[in-house]
Amino acid sequence: MKNPFIYSNDNKRYHTFNYYLKNTYHEKIFKVPLDGGFTCPNRDGSKAFGGCTFCSALGSGDSIIHHEDIMRQFDDGVKLLRKKWPNGKGMAYFQAYTNTYGPLEKLKNLFEPFIQREDVVALCIATRADCLNDENIAYLDSLTVYKDVWVEVGLQTIHDETAQRVNRAHDYACFLKAIEKLADTNCKICVHIINGLPYETKDMMLETIQAIAQLPIHAVKIHMLHLLKNTAMADEYEKNPFHILTLEEYVEIVCEQLTYLPKEIIIERLTGDGIASELIAPLWTIKKVCVLNEIDKYMARHELYQGMNYKKNL
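What counts as what
Residues numbered from 1 in each chain as written. Predicted model: local features only at pLDDT ≥ 70, side-chain atom pairs only at ≥ 80, totals over all residues. Heavy atoms only, no water. Helix = DSSP H or I, 4+ residues; strand = E, 2+ residues; numbered from the N terminus. Contact = heavy atoms within 4.5 Å. Pairing = 2+ DSSP bridges. Axes fitted to C-alpha atoms, helices over the stretch in contact; angles between N-to-C directions. Buried < 20%, exposed > 50% of the residue type's maximum accessible area, 1.4 Å probe, protein only. Polar contact = N/O pair within 3.5 Å; in protein donor to acceptor, adjacent residues only side chain to side chain. Salt bridge = Lys/Arg side-chain N within 4 Å of Asp/Glu carboxyl O.

Colleague: Kindly report on unusual backbone geometry, identifying the contributing residues and their values.
Modeller: In terms of backbone geometry, most residues other than glycine have negative phi values and most peptide bonds are trans. The omega angle of the peptide bond from A281 to P282 is -5°, so this bond is cis rather than trans. Of note in this structure, N167 is not a glycine but carries a positive phi near 65°. Position of N167 relative to the elements: it lies in the loop between helix 5 (160–165) and helix 6 (172–182). Located in the positive-phi region is Y199, a residue other than glycine, with phi close to 70°.

The structure is reproduced here in structure tokens:
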């Protein structure tokens, strides 16, 4: 049976990031993760302490080649990735912690050197909804004249009780306000969610994806919860274990979630890249290719494709 999904040139039944990059830039593009020396408002006491309970001490920047000099981080990352893709160009991905949580001058000093580089096609700025004010949104928008600018906003869940449980320290209403402001710019918006957060049901996870499907966004990253060593959530799990999704449960949930997303929305990620030595559970996430293959097989077997169940609320 021919693949019915239009945003695909392979067997994928969803709008992959690889498909978007190839059709946008017509050459190999890779993300180079960076640590700009930020923190988060739920780490430093501005909102809370300790950060999100699932987050590592490195603020989700565990794969970054750490140097104090940001340009050296990028150059070393490019050197590593070009062993696989010799002619590839990079997206400067400010990944660790919250990359708009600081004075505007700091943002300018970090972001603008990458605007000048011919081997950088875009900036990707990972941040939180409560750290997107009018000033830094306007600044990010001003950079779109020179490069594509992706703003990656961590939502994780629309359910405020879960957000409170994991020490997110802002609510869903705050997220919606930030998306509304970003939608008035030329920035591209990517939303992160996590499946398998403590005590969330499948219905709750589907409600999260159905809600963000109605928003003016460009991309989604779907992560599976990684229970990591030396995190508050690991301590919680040791005292009061909660259900960790099996591979079969995760695949079923993700495939159904994809059917509710408009076909135009880019799927940047369907499973995370945890550091194996730090991972407590689920261990099946280590085999990323196997997870993606299971998703492909499930969608084909059940004749599913992205967007087939999407309905726009009027």
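Having put the structure on the table, let's press on.
Colleague: Let's hear about the environment of L182: which residues, and what values?
Modeller: Here L182 lies in helix 6. Once the C-alpha coordinates of L182 and L140 are considered, the two residues, 42 residues apart in sequence, prove to be 9.5 Å apart. When near neighbours in sequence (up to four residues on either side) are disregarded, L182 contacts L132, I137, V151, V153 and I189.

Colleague: Run through the sheet that holds strand 6 (residues 219–224), naming residues and quoting values.
Modeller: With respect to topology, 7 strands assemble into an open sheet ordered 1-2-3-4-5-6-8, the strand pairing being parallel. Each edge of the sheet is formed by a strand with only one pairing partner; in this case those strands are strand 1 (29–34) and strand 8 (266–269). The sheet shows a mean angle of 25° between the axes of neighbouring strands, direction not considered. Strand direction decides the pairing type here: strand 4 (residues 148–156) and strand 5 (residues 188–195), joined by 6 bridges, are parallel. Bridging from a neighbouring strand, V153 pairs with V191 of strand 5. Against the sheet, helix 2 (residues 70–81) contacts strand 1, strand 2 (89–94) and strand 3 (120–127), and its axis sits at roughly 140° relative to strand 1. Packed onto the sheet, helix 7 (residues 202–212) meets strand 4, strand 5 and strand 6 and runs at close to 170° relative to strand 5.

Colleague: Tell me about the side chain of T100, and please be specific about residues and values.
Modeller: Residue placement: T100 occurs in the loop between strand 2 and helix 3 (104–115). Given the relative accessible area of 3%, T100 is considered buried. Within the structure, the side chain of T100 is placed 2.5 Å from the side chain of T127, a separation counted as a polar contact.

Colleague: Mind laying out the pattern of salt bridges, listing which residues take part and the relevant values?
Modeller: This structure, assessed with the given rule, holds 15 salt bridges. Between R117 and D75 there is a salt bridge whose closest N-O contact spans 2.9 Å. One end of the pair, R117, is in the loop between helix 3 and strand 3; the other, D75, is in helix 2, and 42 residues separate them in sequence. Here R117 falls in the buried class, since its relative accessible area comes to 19%. Of the charged contacts, one joins K263 and E264 as a salt bridge, the two residues approaching to 3.4 Å between their closest N and O atoms. Note on K263: relative accessible area 34%, which makes it partly exposed. The network of salt bridges with common partners includes K31, E152, K221 and E268.

Honestly, that's just the spatial picture; any functional story needs more than this.
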